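Descriptive analysis of the structure
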Amino acid sequence: QSVLTQPPSVSAAPGQEVTISCSGRSSNIVSNSVSWYQQLPGTAPKLLIYENDKRPAGISDRFSGSKFGTSATLGITLLQTWDEADYYCASWDNSLSASVFGGGTKLTVL
Amino acid sequence: EVQLVESGGGLVQPGGSLRLSCAASGFTFSHFWMTWVRQAPGKGLEWVASIKEDGSEKFYVDSVKGRFTVSRDNTKNSLHLQMDSLRAEDTAVYYCARDRGENTFDVWGQGTMVTVSS
């Protein structure tokens, strides 16, 4: 059971929009920044969003992040088939003195 | 080019030890926290340990405390994970990652596989 809760899977058609939620608590998401990672099959994770809503250089503006209260959300617009991947949120947890990841969400682009 | 390359993975028996290494290049290694993250087969990402720029602070996930030790050599731009008393549940791909702060892991290695089995 992960400290951060994500839906196991989401799906949408090409060209549509999808959101992935990440639910936490006051000791992690409320108090600290959230980052998001994309993991394509058989590859290392890749940073998509950091400090809740910032995109690293080279990341498409189709990806966005937001945070409100105990939850964070990753949004992906204009879905492409190559967006099919696993997506993970992460934050620091003050109570655990540890980084925590969500359980991951598998995105299927139908 | 900013790069992290892990090594040292392999097959080890339960109760055995293994030392992973991560070679960093293309950036000033001593300016960054560094982190180990693992992924068991078919499972999600799990943070394992982090170490401060100068090695003075270290944090571990509860399941490895007392068994794993993270260290670094800033003169050799290298990160290490000493894993002792290994268990079957430690079987995973181990990634090293650069932590730019605020829990942001912006550079990742390709991973090294550790299999704990008799």
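Residues numbered from 1 in each chain as written. Chains lettered and ligands numbered in written order. Predicted model: local features only at pLDDT ≥ 70, side-chain atom pairs only at ≥ 80, totals over all residues. Heavy atoms only, no water.

So, on to the interface of chain B and chain A. Contacts between chain B and chain A engage 17 residues on the former and 19 residues on the latter. Here chain B packs against chain A, burying approximately 1600 Å² in sum over the two surfaces, 59% of which is carbon and sulfur. When the buried surface of chain B facing chain A is broken down by residue, Leu45(B), Trp47(B) and Asn103(B) rank first, second and third, together holding 36% of it. Along the contact surface separating chain B from chain A lie zero salt bridges. If you look at where chain B meets chain A, you find seven residue pairs in polar contact (both at pLDDT 80 or more). Elements represented by at least two residues in the side of chain B that touches chain A include exactly β4 (33-39), β5 (45-51) and β10 (105-108) of chain B. (Contact = heavy atoms within 4.5 Å. Buried area = accessible area lost by both parts, 1.4 Å probe. Salt bridge = Lys/Arg side-chain N within 4 Å of Asp/Glu carboxyl O. Polar contact = N/O pair within 3.5 Å; in protein donor to acceptor, adjacent residues only side chain to side chain. Helix = DSSP H or I, 4+ residues; strand = E, 2+ residues; numbered from the N terminus.)

Each disulfide consists of a covalent bond between the sulfur atoms of two cysteine residues. Enumeration over the complete set of coordinates arrives at two disulfides over all chains. What pairs with Cys22(A) in a disulfide is Cys89(A), and their sulfur atoms sit 2.1 Å apart. The sign of the 75 degrees torsion about the S-S bond sets the Cys22(A)-Cys89(A) disulfide as right-handed. Of this pair, Cys22(A) sits in strand β2 (residues 18-23) while Cys89(A) sits in strand β7 (residues 85-93), and the two are 67 residues apart along the sequence. The pair formed by Cys22(A) and Cys89(A) is uniform in burial state, with each residue classed as buried. Between the sulfur of Cys22(B) and that of Cys96(B) lies a disulfide, 2.0 Å long from S to S. Looking down the S-S bond of the Cys22(B) and Cys96(B) bridge, the torsion is 55 degrees, so its handedness is right-handed. One end of the pair, Cys22(B), is in strand β3 (residues 18-25); the other, Cys96(B), is in strand β9 (residues 92-99), and 74 residues separate them in sequence. Exposure remark for Cys96(B): the relative accessible area of 0% places this residue in the buried category. (Disulfide = S-S within 2.5 Å. Buried < 20%, exposed > 50% of the residue type's maximum accessible area, 1.4 Å probe, protein only.)

All names here are of chain A. Residues other than glycine seldom take positive phi values, yet Glu 51 does so here, at roughly 45 degrees. Residue position: Glu 51 is located in the loop between β4 (46-49) and β5 (63-68). Its identity is not glycine, yet Ser 97 carries a phi of approximately 50 degrees, on the positive side.

Right, let's talk about the nonpolar core for a bit. Core analysis: the biggest nonpolar cluster contains 42 residues, and Phe101(A), Trp36(B), Leu79(B), Leu81(B), Met83(B), Tyr94(B) and Trp108(B) have the highest contact counts within it. In this structure, Leu4(A), Val10(A), Ile49(A) and Ala85(A) belong to the second largest nonpolar core, which totals 23 residues. (Core = buried A, V, L, I, M, F, W, Y, C linked by side-chain atoms within 4.5 Å.)

Our focus in this paragraph is the pairing of strand β1 (residues 9-12) of chain A. Residue and element names in this part refer to chain A. The two faces of β1 differ: Val 10 and Ala 12 on one face are buried, but Ser 9 and Ser 11 on the other face are not. Strand direction decides the pairing type here: β1 and strand β9 (residues 105-109), joined by four bridges, are parallel. By the bridge assignment for β9, Ser 9 is matched with Lys 106. (Pairing = 2+ DSSP bridges.)

This part covers the sheet that holds strand β8 (residues 78-83) of chain B. Residue and element names in this part refer to chain B. Taken in spatial order, the four strands line up as β1-β3-β8-β7 in an open sheet, and their pairing is antiparallel. Lying at the two open borders of the sheet, with one neighbouring strand each, are β1 (3-7) and β7 (68-73). Between one strand axis and the next, the sheet turns through 15 degrees on average, direction left out of account. Bridging between β1 and β3 involves five bridges; their strand directions are antiparallel. (Axes fitted to C-alpha atoms, helices over the stretch in contact; angles between N-to-C directions.)

To continue, consider the side chain of Ser91(A). Tracing the sequence through the fold places Ser91(A) in strand β7. One polar contact links the side chain of Ser91(A) to the main-chain carbonyl oxygen of Ser33(A), over a distance of 3.0 Å.

By volume, the largest pocket amounts to about 280 Å³. Around the largest pocket, the lining comprises 14 residues; the ones closest to its centre are Val3(A), Ser99(A), Val100(A), Glu46(B) and Val61(B). Broken down by secondary-structure element, the contributors of at least two residues to the lining of the largest pocket are β8 (98-101) of chain A together with β5 of chain B. Sort the elements by how many residues they give to the lining of the largest pocket and β8(A) lands first, with four residues. (1 Å grid on protein atoms, 1.4 Å probe; cavity = no way out; pocket = protein on both sides within 12 Å on 5 of 7 lines; lining within 4 Å. Points joined across faces, edges and corners; volume = space filled by probe spheres on them.)

What follows concerns the sheet that holds β2(A). All names here are of chain A. Reading across the sheet, the three strands line up as β2-β6-β5 and stay open at both edges, with antiparallel pairing between neighbours. Of all strands in the sheet, those with a lone pairing partner are β2 and β5, marking the two edges. When the angles between neighbouring strand axes are averaged without regard to direction, this sheet yields 20 degrees. Taken together, the six bridges between β2 and strand β6 (residues 71-76) define a ladder with antiparallel strand orientation. Within β6, the residue paired with Ile 20 across the bridge is Leu 74.

Without other data, these values stay purely geometric and don't point to any function.
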